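Single-letter residue listing:
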Amino acid sequence: MNENVKRLKETCDLSDGALKVLFAGEADEELRAAADEVRREVYGDAVYIRGLIEISNICRCDCCYCGIRRSNAKADRYRLTDAEILSCCREGHALGFRTFVLQGGEDGAFTDERLTALIREIKKEFPEDAVTLSLGERSRESYEKLREAGADRYLLRHETASPAHYARLHPASQTLENRKRCLFDLKDLGYQVGSGFMVGSPYQTPDDLVADLRFLKELSPDMIGIGPFIHHRDTPFAGFPDGSLDLTLRLISILRLMFPHALIPATTALGTVAPDGRERGLKAGANVVMPNLSPASARKKYELYDNKICTGEEAAQCIECLKSRVKNAGYNIVVDRGDVKK
Ligand code: SAH
């Protein structure tokens, strides 16, 4: 076996230099095979599903890469009602989902009061299901209230662990320091925490990617979401090339070997850069997919990047299509909360 792959598999770590050799594609097939082996040792052929509910595209942030950034006057804004969100959960539960992910822009209308009431309602109706939030940066007090109301997990990608790179992707008012503060608060409060980064975001270097992996080691998250950067026509990054499928797959494999127990999704962005992107993500070590449960009217409007897939189908069609894709890739979608195995 390739020496770097072997060492990474045995020690769950590697030097900066050797990581960069793997980023360059030195041993893709061996890397992929080793990651799949580890994934099967820990999770077998199970693929966990998360029902993604895109609750609002109203956002106070101005991330340069994101299509729903505050400054994008062309975005057609919407916000779901609590009744709509609950009805997505009902449909999802009936389809076999045992985790709901409430994701959205940083929309001030989702106050602690509103969210705690909503989480309590979901938990009351579906006590066995996990509630995951992905609503950006909030105060520690806010995270604490949401946790007390029953939220189980929180997804907040760090986006890039290099302060200089972070500053090129975000306005000065948004800092890596606060992003990290949020992540450590969430961990401390007992959430299962997910973080991650975009691959091929503008100005990203191999050193930045090494910094991302080192930061993840420090945080030790339960979930790690990565996907290629994809341009959005109405953002400052409209002219930048999209991230590479191959580099994203390599990084999924590296993450699986560095974090054998992590829950790693084959993301929608991966399925957007290649028709078989998600299947290839699973074969590279991913073990989660996040089908869209949002109402059809919301899907097109929650447009983080151009050409997002699965904006037309109904939830039921979406899950049927994914089931056969997952099966063809050699894995199985299971009805399960899909908590992290430690
Ligand atoms: N407001 C929430 C949810 C953000 S959307 C939060 O701040 O966490 C979820 C993820 O989509 C982001 O963390 C980012 O990594 C990714 N994303 C945003 N714009 C993207 C783009 N143009 N290409 C690829 N991924 C993007």
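Residues numbered from 1 in each chain as written. Predicted model: local features only at pLDDT ≥ 70, side-chain atom pairs only at ≥ 80, totals over all residues. Heavy atoms only, no water.

Caption draft 1: Quick look at the pattern of salt bridges. Within the structure shown, the criterion is met by 34 salt bridges. Between arginine 69 and aspartate 62 there is a salt bridge, with the nearest N and O atoms lying 3.6 Å from each other. What makes aspartate 62 buried here is its relative accessible area of 10%. Of the charged contacts in the structure, one is a salt bridge between aspartate 222 and lysine 342, with a shortest N-O distance of 3.1 Å. One end of the pair, aspartate 222, is in the loop between α9 (206–219) and β7 (223–228); the other, lysine 342, is in the segment after β9 (332–334), with 120 residues separating them in the sequence. (Salt bridge = Lys/Arg side-chain N within 4 Å of Asp/Glu carboxyl O. Buried < 20%, exposed > 50% of the residue type's maximum accessible area, 1.4 Å probe, protein only. Helix = DSSP H or I, 4+ residues; strand = E, 2+ residues; numbered from the N terminus.)

Caption draft 2: Summary view of the sheet that holds strand β1 (residues 46–49). Strand order in this open sheet of 3 strands is β8-β1-β9, and the pairing throughout is parallel. What marks the edges here is a single partner per strand, and that holds for β8 (288–289) and β9. Judged from the 2 bridges that link them, β1 and β8 form a sheet pairing that is parallel. The partner of tyrosine 48 across the bridge, within β8, is valine 288. Each of β1, β8 and β9 touches helix α14 (residues 315–329); the most contacted strand, β9, lies at about 135° to it. (Pairing = 2+ DSSP bridges. Contact = heavy atoms within 4.5 Å. Axes fitted to C-alpha atoms, helices over the stretch in contact; angles between N-to-C directions.)

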